[in-house]
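Residue-level listing of the chains:
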Amino acid sequence: MRERVLVTGAAGFVGRHAVPALRARGFEVHGVGRSPSAEATWHAADLLVPAERHALIAKIRPSHCLHLAWDAEPGRYWTSARNLDWVAATLDLAQAFAAAGGRRFVGAGTCAEYEWGAARFEEATTPCRPATLYGAAKDGTRRILEAYAATQTLSVAWGRLFYLYGPGERRGRLVSDAIRALTAGTAFPTSHGHQRRDFLHVADAAAALAALVAGDVPGPVNIGSGAAIPVRALLEGLAARIGGAEHLDFGARPLSPTEPPVIEAGTRILTETVGFLPRFDVAQGLDDTVAWWRARGKAPG
């Protein structure tokens, strides 16, 4: 019998790529999200409602869980009080999962759990001192889950996602908004773009999470490329593929003084212990992203 994995947020930006990645690893995939996928057995449930969470776990009885669902509304999620709702829902989901015999729980964390300022973020040595409610909610959830797992026969891992881009990215994020502006030939006001960020194609992030689900590596694992690049270089790469470089208005928006000059993932655990290597470099990732939007005949909506 194949092992059964529940993917929450399976219709989201990462989830829609994680489902096929898990299927490729031999899992029987069950998804819960806003819209069904042909690649998973689909379930309708509001994960913020306790009775629906419990009924979902009781019905599926998954051996593994990849928990991606969270409030990720662009421009809102950093400070939204809904982060508190998702902390409670995640902890209860994990408890119900363990009580039903679940063995491996992988949550989606964020690089915003770290204290800004390090030249490279390492899981074992960089302090976690989040500057936002979102980062604090994720970090707090991870700490409680690990303490709880130590009292159970439950394995918990925490994939800390860095800066993702790629097919299916919703409006309100950097790459999707830039594609929209360049395609329409309208101005794209942005920062000076010299700050360096660790960008990773979403399909690689999803495949890394699938590898984490299938393995037994515990604790936090950075999911990034391991090589930060200037934001300006990413945007200029898009313009080189789409045209309209003159519409990139660098410096039109001030960069917040709290923004660090570099955010880069240390990836030794991901590459050496989990055994995962990304498939896309930045050039290939931008090619794939632009081709995906062109194939649909529109910019991100």
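Before reading further, recall that the structure is shown in the block above.
Quick notes on the rules
- Residue numbers run consecutively from 1 along every chain, following the written order of its sequence.
- Thresholds applied to this predicted model are a pLDDT of at least 70 for local features of residues and 80 or more for the giving and counting of side-chain atom pairs; totals over whole chains, interfaces and linings are not thresholded and use all residues.
- Excluded from the side-chain calculation are hydrogens and water; included are all heavy atoms of the structure.
- Salt bridge, as used here, is a side-chain nitrogen of Lys or Arg placed within 4 Å of a carboxyl oxygen of Asp or Glu.
- Throughout this description, buried means an accessible area under 20% of the type-specific maximum (1.4 Å probe, protein chains only), exposed means over 50%, and partly exposed covers the range between.
- Each helix is a run of H or I in the DSSP string that is no shorter than four residues. Each strand is a run of E no shorter than two, and both are numbered from the N terminus.
- The reported arc concerns the directions from the helix axis to the C-beta atoms and nothing else.
- Whether two residues are in contact is decided by their heavy atoms: any pair within 4.5 Å suffices.
- Between N or O atoms, a polar contact is any pair within 3.5 Å; within protein, one atom must be a potential hydrogen donor and the other a potential acceptor, and residues adjacent in sequence are included only when both atoms are from side chains.

(A) Fine view of the pattern of salt bridges. Under the criterion given, the structure shown has 18 salt bridges. Between Glu122 and Arg120 there is a salt bridge, with its nearest N and O atoms 3.5 Å apart. For Glu122, a relative accessible area of 26% translates into the label partly exposed. For Arg241, the salt bridge identified is with Asp287, shortest N-O distance 2.6 Å. Of this pair, Arg241 sits in helix H7 (residues 231-242) while Asp287 sits in helix H9 (residues 282-295), placing them 46 residues apart in sequence. Several salt bridges share partner residues, and in doing so they unite Arg120, Glu122, Arg196 and Glu264 into one network.

(B) Fine view of helix H2 (residues 50-60). When we look at burial in H2, the residues that qualify are Arg53, Leu56, Ile57 and Ile60. Taken around the axis of H2, the buried residues stretch over an arc of 95°, which confines them to a single face. Of the exposed residues in H2, the ones pointing more than 90 degrees away from its buried face are Ala51 and Lys59. In the core, the buried residues of H2 are packed alongside strand S1 (4-8), strand S2 (28-32), strand S3 (41-43) and helix H3 (82-99). Just past H2, the residue Arg61 takes up positive phi, approximately 50°.

(C) Fine view of helix H5 (residues 174-184). Within H5 the residues assigned to the buried category are Val175, Ser176, Ala178, Ile179, Ala181 and Leu182. Elements in contact with the buried residues of H5: strand S7 (163-165), strand S8 (188-190), H7, strand S13 (248-250) and H9. Looking one or two residues beyond H5, the residue adopting positive phi is Gly185, at roughly 75°.

(D) Seen up close, the environment of Arg4. By the element assignment, Arg4 lies in strand S1. Arg4 gets classed as partly exposed once you look at its relative accessible area, which sits at 24%. Linking Arg4 and Thr267, residues 263 residues apart in sequence, is a C-alpha distance of 28 Å. Contact partners of Arg4, with chain neighbours within four places excluded, come to Glu28, His30, Ile60, Arg61, Pro62, Ser63 and His64. At 3.0 Å, the side chain of Arg4 forms a polar contact with the side chain of Glu28. A distance of 2.7 Å separates the side chain of Arg4 from the backbone oxygen of Ile60, its partner in a polar contact.

Any link to function would need more than the numbers given here.
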